[in-house]
Amino acid sequence: MATSGKVIRCRAAVAWAVGKPLSVEEVEVAPPKAGEVRIKIVATGICRTDDHILEGCFPNVDFPVIPGHEGAGIVESIGEGVTSVKPGDKVIPLCLPQCGECSFCLNPESNYCLKCHVSEPQNLLPDKTSRFTCKGKQIHHFLWASTFAEYTVIPEYAVAKIDAAAPLDKVCLLGCGFPTGYGAAINTAKVKPGSTCAVFGVGGVGLSVVMGCKVAGASRIIAVDINKDKFAKAKELGATDCISPQDFKKPIQEVLTEMTGHGVDYSFEVIGHADTMTAALASCNMNTGVCVMVGVPASGSVISIDPMLLLSGRTWKGTLLGGWKMRDSIPKLVSSYLEKKFNSDLLITHTLPIAKVNEGFELLRAGKSVRSVLLF
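The shown structure was predicted, so the numbers you read here are calculated from the model rather than taken from an experiment.

As a further point, take helix 3 (residues 177-189). Its 13 residues place the ends of helix 3 17 Å apart at the C-alpha level, agreeing with the 18 Å of an ideal helix rising 1.5 Å per residue. Burial of helix 3 is extensive: eleven of the 13 residues sit out of reach of the surface. The complete set of buried residues in helix 3 reads Gly-177, Phe-178, Pro-179, Thr-180, Gly-181, Tyr-182, Gly-183, Ala-184, Ala-185, Thr-188 and Ala-189. Check the buried side of helix 3 and you find it contacts helix 4 (204-215), strand 13 (266-269), strand 14 (290-293), strand 15 (315-318), helix 9 (326-338) and strand 17 (371-375). Looking one or two residues past helix 3, Lys-190 carries a phi angle of roughly 55°, positive in sign.

Glancing now at the environment of Leu-173. Secondary-structure assignment places Leu-173 in the loop between helix 2 (168-171) and helix 3. The exposure class assigned to Leu-173 is buried, which follows from its relative accessible area of 2%. Between the C-alpha atoms of Leu-173 and Val-205, which are 32 residues apart in sequence, the distance is 10.0 Å. When neighbours within four sequence positions are excluded, Leu-173 is seen to be in contact with Glu-70, Phe-178, Pro-179, Ser-344, Leu-347, Ile-348, Arg-371 and Val-373.

With that settled, consider the pattern of salt bridges. This model, assessed by the stated rule, comprises 21 salt bridges. Between Asp-127 and Lys-33 there is a salt bridge; the shortest N-O distance is 3.0 Å. Within this pair, whereas Asp-127 is found in the loop between strand 5 (90-93) and strand 6 (132-134), its partner Lys-33 is found in the loop between strand 2 (23-29) and strand 3 (36-45), the two being separated by 94 residues in sequence. Judged by its relative accessible area of 38%, Asp-127 is partly exposed. Taking relative accessible area as the criterion, Lys-33 reaches 39% and is therefore assigned partly exposed.

Criteria and thresholds
- Residues numbered from 1 in each chain as written.
- Predicted model: local features only at pLDDT ≥ 70, side-chain atom pairs only at ≥ 80, totals over all residues.
- Heavy atoms only, no water.
- Helix = DSSP H or I, 4+ residues; strand = E, 2+ residues; numbered from the N terminus.
- Expected span 1.5 Å × (residues − 1).
- Buried < 20%, exposed > 50% of the residue type's maximum accessible area, 1.4 Å probe, protein only.
- Contact = heavy atoms within 4.5 Å.
- Salt bridge = Lys/Arg side-chain N within 4 Å of Asp/Glu carboxyl O.

The structure is reproduced here in structure tokens:
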């Protein structure tokens, strides 16, 4: 390729500081070093986590930074030693890597990887340098993905090759939001047929939980949200009931317990607030109920709960990217998408050019979008 081995100048949405809108700039993207892949990003979703960065409540992010972690693109060039992908391959960058060598990657039950941001910040590539510069300044990576850049450089073990037939402007959602919610139901909770579920927060990830519960055969799926505009989409995707906590005088966990007899079999918190996490836990059956924490709380959040909620037998679990071993699973999920096993396209409400990135965030904050996809 003509660009191989050369610095590429391209557009990227840069976050210069907390609380500032993104700024679309020309950036320089250095060629990949050994074990790295440079990808031309075609499309990227806007995830609530990207908004958390701009608000300064996502842990361990260094500014200036290029956000974005829900993208899809085409390999432009590869560094020395890269064997799993080649130029021209369609790929999804993985915001949860799979190095294949750490104790977690070697454990078939685990989908964590010690190379991920929770263990060690992914603000720079593994050699502790950045591939991005803008106006003479070093720009940081985000989760190594930085999909708000037209070209990005990622370690090979954080890249998954996908089917050449996949439409990149649709499967970009499979990089984060959809598998997180869908997997929380299927992999983490292991929802059983005929069961009852409650989903707190029905944004893009919450709706993906609803889809997972439906595929798993849940007989009742109760969507809980203060934004009633989201209820029509929730019902379209499988919710049987939709309730807003603002319509009741009593706590929502009591409402759910009354609706179901003894609480739901499975509850999912997909917001990231301490109070809704406690409510979700209390709304599942006191003995066999399973509550899954999906939403990302602000760094430094603390939850206080009555230990009896757990002593009686409930299970409280967290999920990371829906429990999928990403490099193994994402290509399979893309194949399932192409076989129409699920329709994640229904989550896409807006498609915008990268120049309108801030408009996409405004739609998200106003509760007017489920997923906005940015195109380069």
